[in-house]
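# Structural features, examined
Listed below are the residues making up each chain.
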Amino acid sequence: MKHVLKAYNNKNLNLANRVVMAPMTRSRADNPKNKPMEGLHDVYYAQRASAGLIITEGSQVSKEAVGYINTAGIHTQAQIDGWKKVVNKVHAEGGKIFIQLWHVGRISHPDFHNGKLPLAPSALNPNADVYTPEGPKKTVIPKEMTQEDIDNTINDFKQAAKNAIEAGFDGIEIHSSNGYLFHQFFNATSNKRTDKYGGSIENRARFFFEVLDAIKKVIPSSKIGARFNPSLHGLFGMEMDEQTIPTFEYIINKLNDYDLAYIHLSEPFTDVSNVPYAVKHIAKHFRPMYKGTLMINGGFNQEKAHKVIEEGNADLVSFGKLYVSNPDLVERFSADSELAEWDNDTFYTTGKEGYTDYPKLKELQDA
Ligand SMILES: Cc1cc2nc3c(=O)[nH]c(=O)nc-3n(C[C@H](O)[C@H](O)[C@H](O)COP(=O)(O)O)c2cc1C
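Just so it is clear, the structure is predicted and the values come from calculations on it, not from any experiment.

Take the overall build of the protein next. Within the protein, the secondary structure is distributed over eleven helices and 14 strands. Computed over the C-alpha atoms, the radius of gyration of the protein is 19 Å, within 12% of the 21 Å expected from 2.2 N^0.38 for a compact globule of 367 residues. Along the first, second and third principal axes, the C-alpha atoms of the protein reach 60 × 45 × 40 Å. Within the protein, the fraction of its 367 residues that count as buried is 57%. Of the contacts made within the protein by residues no fewer than 6 positions apart, 70% connect residues no fewer than 24 positions apart. Approximately 14,700 Å² of the protein is accessible, and the part contributed by carbon and sulfur atoms is 49%. Separation between the mean location of the 42 positive side-chain charges and that of the 45 negative ones in the protein comes to 4 Å.

Given below as structure tokens:
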């Protein structure tokens, strides 16, 4: 049996296999309350419940945390109740599910905030594209967060983690990846602060650890995961410099003291062979530094996933796009059967099309 299909058991995680559904924004919460929708979100995630673990789409922890249309939140009772239905369905199918807690920081637009500026560590425009209710726009110069903004955001994450447990989730993943708020604090190119949140590596990592410590007060660390994309360069306004990798090394080393459910790393999203500061092989580089469960992501198929686990460079592998179009990815892996292609055009549209209508192998055979 391929390693990726084998069960994974330790004191924090008991998973039927090592195939994880990666978090993916699908923009299906097109209702005024931005809550997960019955007959849609619950069906979508339940279809994918044979994954060892599902990580939901990024879910905003507050109104300020939003930067995309129709994304689901986890900060109101209606949203919690919506997620309850999702979790119950996934559990009924024997699955496990974490929710990804999200704050986009400067990858947003005043149109989402009644004209107010999006929040960020520093007033630096990422020059990225945002899709607002009125269509595509360019990002603006964000507001440098005050201590009050930072304290409020820490509280929002803490409350969101509590809400996640109320909704029945098996755990939460902090979205400290992909150029969003935490990543903006980590990188010296997006964080020019002169207070205790900027300057040194320790200072740039401080906000993340303050959030983690706050969350730990309300849920056990064994139910907390954190996601990082250390070699992200040239996307979502992120630029690496010589301090970027040492910053992630500091963070990941420090996380050894936290006994988390897992850390979730991504291989570089773009070709970084000519970027002098970038680490080209993320799993290989960070595995020796981290003693807990390491999940890796980015361009994997079954063969590559088997190999990375066999070589000892990761414990779990998460799959994104393959999970869009193969709800029964685990069954397809075990049968070594053909995989369905995903349709980029329906990643972020509304309704069932390209969302809950990808058939399982069995349904195709029965048809
Ligand atoms: C449609 C889509 C939405 C995504 N949304 C998120 C998200 O909400 N949070 C996140 O951490 N990553 C998000 N990602 C990144 C994926 O989790 C994953 O890192 C990426 O697709 C690479 O993995 P893959 O090669 O297996 O697809 C998204 C990717 C796609 C394709």
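What follows is about the site of the ligand. The immediate surroundings of the ligand are formed by 18 residues, with P23, T25, R227, N297 and G299 found nearest. T25 places a side-chain nitrogen or oxygen 2.6 Å from an oxygen atom of the ligand. The backbone of G320 places a nitrogen or oxygen atom 2.8 Å from an oxygen atom of the ligand. Relative to its unbound accessible area of 620 Å², the ligand is 89% covered by the protein chains.

This next bit is on the pattern of salt bridges. Any two side chains of opposite charge can pair if their charged atoms end up close together. According to the stated counting rule, one finds 15 salt bridges in the structure shown. Notably, a salt bridge pairs D259 with K11, separated by 2.6 Å at the nearest N-O pair. Taken together, the positions of D259 in the loop between α6 (244-254) and β12 (262-266) and K11 in the loop between β1 (8-9) and β2 (14-15) put the pair 248 residues apart, joining distant regions of the chain. Salt-bridge contacts for D42 lead to K89; the nearest nitrogen and oxygen are separated by 3.7 Å. Taken as a pair, D42 in helix α1 (residues 41-47) and K89 in helix α2 (residues 77-92) lie far apart in primary sequence, 47 residues in all. Owing to a relative accessible area of 4%, D42 belongs among the buried residues under this scheme.

With the rule as written, the count across this model stands at 23 aromatic pairs. Taken together, a centroid distance of 5.4 Å and an interplanar angle of 20 degrees make the contact between Y68 and W102 stacked. Of the two residues, Y68 sits in the loop between β4 (53-60) and α2 while W102 sits in strand β5 (residues 97-102), which places them 34 residues apart along the sequence. Here the aromatic rings of W102 and Y180 are separated by 5.3 Å at their centres, their planes lie at 85 degrees, and the arrangement is edge-to-face. Pair noted here: W102 is in strand β5 and Y180 is in the loop between β10 (171-174) and α4 (181-186), with a separation of 78 residues, a long-range link. No difference in accessibility class separates W102 from Y180, as the two residues are buried.

Across soluble globular proteins, you tend to see nonpolar side chains buried next to one another. Membership of the largest hydrophobic core comes to 90 residues, with the highest contact counts inside it found for F208, F228, L255, I296 and F319. Broken down by element, this core gets its largest block of residues, eight residues, from helix α5 (residues 201-216). Contacts of F208, omitting those with residues within four sequence positions, involve I174, S176, F182, F186, A226, F228, I251 and L255. Y8, L15, A261 and Y262 belong to the second-largest nonpolar core, a separate cluster that totals eleven residues.

About the thresholds
Residues numbered from 1 in each chain as written. Predicted model: local features only at pLDDT ≥ 70, side-chain atom pairs only at ≥ 80, totals over all residues. Heavy atoms only, no water. Helix = DSSP H or I, 4+ residues; strand = E, 2+ residues; numbered from the N terminus. Rg over C-alpha atoms; globule rule 2.2 N^0.38 Å. Buried < 20%, exposed > 50% of the residue type's maximum accessible area, 1.4 Å probe, protein only. Contact = heavy atoms within 4.5 Å. Areas by Shrake-Rupley, 256 points an atom, 1.4 Å probe, with all protein chains shown as cover. Lys, Arg positive; Asp, Glu negative; His and termini not counted. Charge placed at Lys NZ, Arg CZ, Asp CG, Glu CD. Near = heavy atom within 4 Å. Polar contact = N/O pair within 3.5 Å; in protein donor to acceptor, adjacent residues only side chain to side chain. Salt bridge = Lys/Arg side-chain N within 4 Å of Asp/Glu carboxyl O. Phe/Tyr/Trp six-rings, centres within 6.5 Å; stacked < 30°, edge-to-face > 60°. Core = buried A, V, L, I, M, F, W, Y, C linked by side-chain atoms within 4.5 Å.

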